Amino acid sequence: MHLKTSILKEAKHKEFVSCVGWTSADELYSCSDDHQILKWNLLTNETTVVVKLSDDTYPIDLHWFPKNVGNRKQAQAEMFVLTSSDGKFHLISKLGRLEKSVEAHSGAVLAGRWNYDGTALVTVGEDGHVKIWSKSGMLRSTLAQNGSPVYSVAWGPDSEKVLYPLGKQLIIKPLQPSSKVLQWKAHDGIILSVDWNSVNDLILSAGEDCIYKIWDRNGRNLYNSASHEYPITSVSWAPDGELFAVGSFHTLRLCDKTGWSYALEKPNTGSIFSIAWSVDGTQIAGACGNGHVIFAHIVEQHWEWKNFEVTLTKRRAMQVRNVINDAVDLLEFRERVIKASLNYGHLVVCTSLQCYVFSTKNWNTPLIFNLKEGTVSLILQCERHFLLVDGGSFWLYSYEGRLISSPKVPGIRTDILNEQSVSLSNDTIAIKDKADEKSIYLFDALSGKALGDGKPLTHEKEILEIALDQGGPSNERKIAFFDKNQDLYICPVRNFGREQKSIQIGASVHALAWNDTFNMLCGLQEYRVLIWYYPNVVYVDKDLLPKTILEKEGSEFSKSPQIVSFVGNRVTIRRSDGSLIHTNVSPYPAILHGYISSSKWDDAVRLCSSVKEQTMWSCLAAMAIGSKELTTAQAAYAAIGNLDKVQYINSIKDLPSKESRLANIQLLSGSVQEAVLLQAGLIYQAIQLNIDSYNWDRALELAVKHKTHVDTVLAYRQKYLDNFNKKETNKRFLQYAEGVKVDWEKINAKIEMELLKERERASAGSTGATMRNSISTNP
Amino acid sequence: MARDSLSDAGLHFDELNKLRILDPDVAQQTNELKEECRDFVDKIGHFQKVVGGLIELVDELAKETENEKMKAIGARNLLKSIAKQREAQQQQLYALIAEKKMQLERYRIEYEALCKVEAEQNEFIDQFNLQK
């Protein structure tokens with residue numbers, strides 16, 4: 001990624017430029033010490049004077065009123081706040097009319113910022129005060145009073161907190177007067193500029209020690225830059241939070257959100273006092289100390305998928321290279337490219353008006369349709385369709401350009417969604433709202449309606465990242481997520497009627513991705529890559545979980561790597577220093593997944609026996625149990641030496657009816673499922689199931705309820721107690737034991753009869769059922 | 001005698017026997033003096049002209065020298081500042097080089113990772129062939 005800078009030969013301002021601000025993707029306002037406010041139209045390359053301020057007004061900072069307040073959308077910002085050195089701030093309309101001037105501070109007002117919903121304004125000044133104002137410029141409160149000037153200020157993502165520097169310290173102060181103030185020493189010099197992004201929730205700070213730093217919202221240091229030659233005068237996050245820009249003397253730098261730098265430019269600008277990102281995040285403008293305004297476009301963004309490389313060569317042109325045959329295609333667009341995504345054999349490109357869908361098989365004839373709003377902030381792809389977050393809504397399109405659905409989340413702020421908070425699979429859409437980070441909204445992709453009863457999936461901790469699995473049938477769709485404690489969970493999302501239970505499968509994970517075709521999960525820890533070959537194993541046989549995980553460790557993965565993609569057998573990781581690392585996983589699990597999804601059990605067994613890996617057998621065992629394929633499961637368990645399970649499967653195989661087998665398989669997976677048996681009228685089997693799992697109360701309850709086998713339950717209970725030389729203490733058992741006489745012969749006969757009945761019932765389907773050999777009958 | 005008495009009366013005769021009130025010798029000397037004086041004045045005038053020209057010339061030279069001096073000082077300063085400019089440019093270029101070096105390092109790491117992947121894949125293919 002690079003910056004393409006442009007700067008006029010002659011400076012338009014006579015004095016240094018103090019601040020800049022965008023109204024749209026192509027229009028910029030700049031203020032300077034020559035008292036002029038200029039408007040720059042980038043489409044026509046015209047610069048016009050909006051207004052000339054009075055001679056004693058020296059502007060310092062400018063911030064446009066936020067565009068989308070509530071649900072009402074405006075195409076362009078209408079008003080901005082301008083702070084000046086005489087201690088006032090001014091509300092000025094787009095046409096340059098001075099709406100209001102307010103005496104705010106003694107000494108200069110050094111910065112002013114609107115909050116995200118435009119309900120409040122914060123100003124900081126040389127007098128060290130931090131003041132909150134209403135939209136119309138009425139003083140609401142003085143948030144803080146300090147002894148030294150405050151040079152910069154930023155709102156927290158929820159507009160509930162304010163971040164400001166004080167000398168070498170950074171301070172986060174909530175608006176609530178009683179809440180705790182977070183304060184820490186951040187730099188070795190005076191901090192000149194701060195910014196807080198609402199999408200990724202990260203804080204940027206820079207100052208006279210010539211270093212810029214990244215912090216999380218708790219003040220944990222994530223990145224320190226190398227020292228620059230000159231103090232850093234400005235930092236600014238891109239709207240989508242993926243990039244940020246840094247300005248210093250003769251220096252403009254473009255950096256990734258993890259801190260490493262994409263590009264460095266050394267333009268002849270003097271110090272860059274302020275940087276602003278255009279609304280669509282494709283270009284930046286800088287206020288230069290020598291009266292210039294510098295513009296910089298971001299070009300040469302890069303997308304890779306399998307053998308295709310796509311590069312944004314110009315603002316309106318892309319180059320596609322097929323690495324296999326070196327064929328090069330050039331794609332041209334009518335407007336500037338805002339967002340693009342390449343995955344699943346399709347390239348989706350959004351410009352300010354249209355969406356282009358290219359197939360990797362044919363680059364010449366894209367499918368083009370018009371966008372509803374033209375402010376796409378996120379593109380997500382899955383195998384069959386793609387999701388656009390455009391303006392305030394979600395739009396799901398097929399690759400043929402057909403609008404499939406448009407899920408609605410009430411009151412969600414769509415502009416702060418990113419790939420970590422939205423996930424898409426062929427049949428399901430999952431969305432995590434910033435307002436309530438403990439819940440995930442789930443939607444059916446095809447209808448756009450909320451899944452199940454419409455209630456979101458909830459978790460006890462704040463969730464940081466979510467991802468839906470991509471392969472397998474839709475009723476087994478699962479979501480993987482990790483929370484604030486970095487514990488990794490998976491949870492089925494289409495489990496209608498039953499309670500949705502998330503199970504923890506890993507810890508200290510800070511990034512995750514599903515494989516693009518098969519349900520393998522990749523998670524990253526410090527210096528470590530983990531692959532869950534079959535995460536579903538936790539629902540089948542939890543003991544097998546450790547055996548189905550591949551762990552790759554190495555210093556080459558660096559401390560906090562990020563996943564770029566998990567396509568085929570290749571995991572691509574971005575290290576914290578920005579370099580890409582590729583690592584292979586064994587191709588066998590993918591092949592195994594392929595066999596299983598087409599029910600080729602024999603092939604699967606053959607594959608495992610030729611590979612001879614415990615991991616493979618463990619996966620196969622779990623998959624076989626999951627699909628109730630007992631013969632395969634038996635072979636697989638035998639191969640990994642779980643003889644007890646082999647024996648139990650043997651006993652299950654001998655069961656006469658389908659329902660008992662099902663119930664016993666479930667028991668093997670660790671869940672007692674008597675409902676199946678009760679539905680089929682197999683009361684005795686249900687009772688026996690509870691006895692087998694020492695669930696005495698439930699067994700007795702069932703027996704009493706159905707008025708049968710009460711003596712059986714009591715007999716087994718007695719036997720169990722005798723074995724341990726204990727006395728009955730359970731009141732209910734004592735109560736029923738009074739009236740019932742235990743007679744083993746009678747009980748055995750009754751059991752025999754029940755089994756016979758079951759066998760008869762199933763005789764049509766089952767072949768050669770033998771005597772029941774349950775573990776409980778020979779304790 | 002008569003002449004003497006005349007001369008006593010202040011009257012003289014010249015060679016042409018014209019009556020004069022001044023002694024012809026004196027008159028002649030006076031004329032000579034007058035001539036000489038005129039010559040002298042002329043010479044002085046000439047001298048003045050020559051000296052004036054010289055002064056002008058010297059003045060011009062001085063002005064030119066002054067100009068050259070200023071130019072030289074300017075050039076010297078420019079030279080100094082160019083050295084500084086070069087230094088700044090050099091610094092900028094170094095910064096850009098450092099940036100490129102970092103990018104190179106990133107590419108190197110990626111290349112190494114890819115080499116490793118290739119080696120792994122080759123190993124896998126070999127093993128696979130052996131198994132067959």
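Note that the structure is predicted; figures quoted are calculated from it, not measured. (Residues numbered from 1 in each chain as written. Chains lettered and ligands numbered in written order. Predicted model: local features only at pLDDT ≥ 70, side-chain atom pairs only at ≥ 80, totals over all residues. Heavy atoms only, no water.)

A.B. asks: Help me understand the overall build of chain B in this model?
C.D. replies: When helices and strands are tallied, chain B shows two helices and two strands. The secondary structure elements of chain B, listed N-terminal to C-terminal, are α-β-β-α. C-alpha extents for chain B along the principal axes are approximately 170 × 20 × 15 Å. Within chain B, the proportion of its 132 residues that are buried is 8%. (Helix = DSSP H or I, 4+ residues; strand = E, 2+ residues; numbered from the N terminus. Buried < 20%, exposed > 50% of the residue type's maximum accessible area, 1.4 Å probe, protein only.)

A.B. asks: When you look at the overall build of chain A in this model, what are you seeing that I'm missing?
C.D. replies: When helices and strands are tallied, chain A shows 12 helices and 55 strands. For the C-alpha atoms alone, the extent of chain A along its principal axes is close to 110 × 65 × 45 Å. Per-residue burial for chain A yields a buried fraction of 56% across its 779 residues. Considering only intrachain contacts with a sequence separation of at least 6, the fraction spanning at least 24 residues in chain A is 43%. Within the structure as shown, chain A displays about 33,500 Å² of accessible surface, and the carbon and sulfur contribution to it stands at 48%. Seen as two clouds, the 86 positive and the 87 negative side-chain charges of chain A have centres 3 Å apart. (Contact = heavy atoms within 4.5 Å. Areas by Shrake-Rupley, 256 points an atom, 1.4 Å probe, with all protein chains shown as cover. Lys, Arg positive; Asp, Glu negative; His and termini not counted. Charge placed at Lys NZ, Arg CZ, Asp CG, Glu CD.)

A.B. asks: Looking at this model, I keep getting lost on the domain arrangement of chain A. Mind explaining?
C.D. replies: Often the size quoted for an interface is simply the accessible area lost on bringing the parts together. All names here are of chain A. Looking at chain A, the domain boundaries give domain 1 (13–298), domain 2 (302–601) and domain 3 (674–779). Look at where the C-alpha atoms of domain 1 and domain 2 centre, and you get two points 34 Å apart. Taken together, the 17 residues of domain 1 in the interface contact 21 residues of domain 2. Between domain 1 and domain 2, the buried area comes to about 1,500 Å², and carbon and sulfur atoms account for 45% of it. Looking only at domain 1, the three residues that lose the most surface to domain 2 are V199, W260 and H297, adding up to 33% of its buried area. In terms of residue class, the side of domain 1 that touches domain 2 is built from six nonpolar, five polar and six charged. (Domains from an automatic or database assignment. Buried area = accessible area lost by both parts, 1.4 Å probe. Nonpolar A, V, L, I, M, F, W, Y, C, P; charged D, E, K, R; others polar.)

A.B. asks: Can you help me understand the sheet that holds strand β8 (residues 88–93) of chain A in this one?
C.D. replies: The strands that make up a sheet pair up through hydrogen bonds in the backbone, lying either parallel or antiparallel. Residue and element names in this part refer to chain A. Across the sheet, four strands lie side by side as β6-β7-β8-β9; this open sheet has antiparallel pairing. Unpaired on one side and paired on the other, β6 (59–64) and β9 (98–103) mark the two borders of the sheet. The average undirected angle you get between the axes of adjacent strands in this sheet is 20 degrees. The sheet contact formed by strand β7 (residues 79–84) and β8 spans five bridges and is antiparallel. Counterpart to F80 in the pairing with β8 is I92. (Pairing = 2+ DSSP bridges. Axes fitted to C-alpha atoms, helices over the stretch in contact; angles between N-to-C directions.)

A.B. asks: What am I meant to see in helix α2 (residues 601–611) of chain A here?
C.D. replies: Residues spaced three or four apart along an α-helix point in a common direction, a consequence of the helix completing one turn every 3.6 residues. Residue and element names in this part refer to chain A. Burial in α2 covers these residues: W601, A604, L607, C608 and V611. Taken down its axis, α2 places every buried residue within 120 degrees of arc, on the same side. Away from the buried face of α2 by more than 90 degrees, exposed residues D602 and R606 are located. The secondary structure elements touched by the buried residues of α2 are α1 (588–597), α3 (614–626) and α4 (630–639). Of the residues flanking the end of α2, it is K612, one or two places downstream, whose phi is positive at about 55 degrees. (Arc of directions from axis to C-beta.)

A.B. asks: What should I look at first to understand the pairing of strand β39 (residues 393–398) of chain A in this one?
C.D. replies: Residues in a regular strand point their side chains to alternate faces of the sheet. All names here are of chain A. Most of β39 is tucked away: five of the six residues are buried. Where strand β38 (residues 385–390) meets β39, six bridges bridge the pair, whose relative direction is antiparallel. From the neighbouring strand, L387 faces β39, where its bridge partner is L396. Between β38 and β39, which pair antiparallel and follow one another directly, the connecting turn spans two residues, one of which, G391, has a positive phi of 60 degrees. Relative to strand β40 (residues 403–405), β39 runs antiparallel, the two sharing two bridges. Within β40, the position partnered with Y397 by the bridge is L403. Remark: four residues form the turn of the hairpin made by β39 and β40, two consecutive strands paired antiparallel; G401 in that turn has positive phi of roughly 90 degrees.

A.B. asks: Any chance you could explain the interface of chain A and chain B here in plain terms?
C.D. replies: Every contact between the two is made by 26 residues of chain A and, on the other side, 18 residues of chain B. With its nearest N and O atoms 2.7 Å apart, the salt bridge here joins K116 of chain B to E556 of chain A. Taken together, the links from chain A to chain B amount to six residue pairs in polar contact (both at pLDDT 80 or more). Broken down by secondary-structure element, the contributors of at least two residues to the side of chain A that touches chain B are β25 (261–265) and β55 (580–584) of chain A. (Salt bridge = Lys/Arg side-chain N within 4 Å of Asp/Glu carboxyl O. Polar contact = N/O pair within 3.5 Å; in protein donor to acceptor, adjacent residues only side chain to side chain.)

A.B. asks: What's the story with the side chain of S84 of chain A in this structure? I'm lost.
C.D. replies: The residue S84 of chain A is located in strand β7 in this model. Sequence-distant contacts of S84 of chain A, defined by excluding residues within four places in its chain, comprise T57, Y58, P59, I60, H90, A108 and V109 of chain A.

A.B. asks: Before we go on, may I ask you to explain a negative patch on the surface in this structure?
C.D. replies: Residues E32, E36, D39 and D42 of chain B make up a contiguous surface patch of negative charge. Considering the arrangement of structural elements, one finds E32 of chain B in helix α2 (residues 24–131). (Patch = residues over 30% accessible without salt bridge, like charges linked within 9 Å, V, L, I, M, F, W, Y side chains within 5 Å.)

A.B. asks: In this structure, what is going on with the UniProt feature "repeat: WD" (unreviewed entry) in chain A? I would like to understand it.
C.D. replies: Residue and element names in this part refer to chain A. Per the UniProt annotation, the sites labelled "repeat: WD" (unreviewed entry) are residues 102–134 and 184–216. Taken end to end, residues 102–134 is 0% helix and 61% strand, and its first and last C-alpha atoms sit 12 Å apart. Across residues 184–216, helical content stands at 0% and strand content at 52%; the span's end C-alpha atoms are separated by 12 Å. (UniProt positions renumbered as here; feature names shortened; annotations may be inferred.)

A.B. asks: So what exactly am I meant to see when it comes to the pairing of strand β21 (residues 221–224) of chain A here?
C.D. replies: Both strand β20 (residues 212–215) of chain A and β21 of chain A contribute to a ladder of three bridges, which runs antiparallel. Its bridge partner lying in β21 of chain A, W215 of chain A is registered against N221 of chain A.

A.B. asks: How should I be thinking about the pattern of salt bridges in this particular structure?
C.D. replies: Pairing between side chains of opposite charge can happen when their charged atoms approach one another. Evaluated as defined, the whole model comprises 40 salt bridges over all chains. Among the salt bridges present, the one from R336 of chain A reaches D26 of chain A, with a minimum N-O distance of 3.0 Å. On the criterion of sequence distance, the pair formed by R336 of chain A in the loop between β32 (327–332) and β33 (337–343) and D26 of chain A in the loop between β2 (17–22) and β3 (27–32) is long-range, its members being 310 residues apart. A residue is classified by how much of its surface remains accessible, and D26 of chain A, at 17% relative accessible area, is buried. Between E120 of chain B and K552 of chain A there is a salt bridge whose closest N-O contact spans 3.9 Å. Placement of E120 of chain B in helix α2 and of K552 of chain A in strand β52 (residues 549–553) is noted, with the two residues assigned to different chains. Among the charged side chains, a salt-bridge network with shared partners connects D427, D444, D469, R477 and R494 of chain A.

A.B. asks: Would you explain the packing of α3 of chain A against α4 of chain A in this entry?
C.D. replies: What describes two packed helices is the angle between their axes and the distance between those same axes. All names here are of chain A. In contact at an axis separation of 8 Å, α3 and α4 are set at 150 degrees when each is read in the N-to-C sense. The pairing of α3 with α4 is recorded here as roughly antiparallel in orientation. In the packing of α3 onto α4, the handedness of the crossing is left-handed. Here Q614, W617, L620, A621, A624 and I625 of α3 lie close against α4, whose contacting residues are T632, A633, A635, A636, Y637 and A639. (Parallel < 35°, antiparallel > 145°, perpendicular 65-115°, else oblique. Left-handed = near helix turned anticlockwise from the far one by under 90°.)

A.B. asks: Could you clarify how one ought to interpret the nonpolar core in this entry?
C.D. replies: Side chains of a nonpolar character, in soluble globular proteins, are inclined to be buried together. Residues and elements named next belong to chain A. The biggest cluster of nonpolar side chains holds 66 residues, and the ones touching the most others in it are L488, L592, L620 and Y637. Examining the composition of this core, we find that nine residues originate from one element, α3, more than from any other. The next biggest cluster of nonpolar side chains, apart from the first, holds 24 residues, and it includes A686, I687, A699 and Y716. (Core = buried A, V, L, I, M, F, W, Y, C linked by side-chain atoms within 4.5 Å.)

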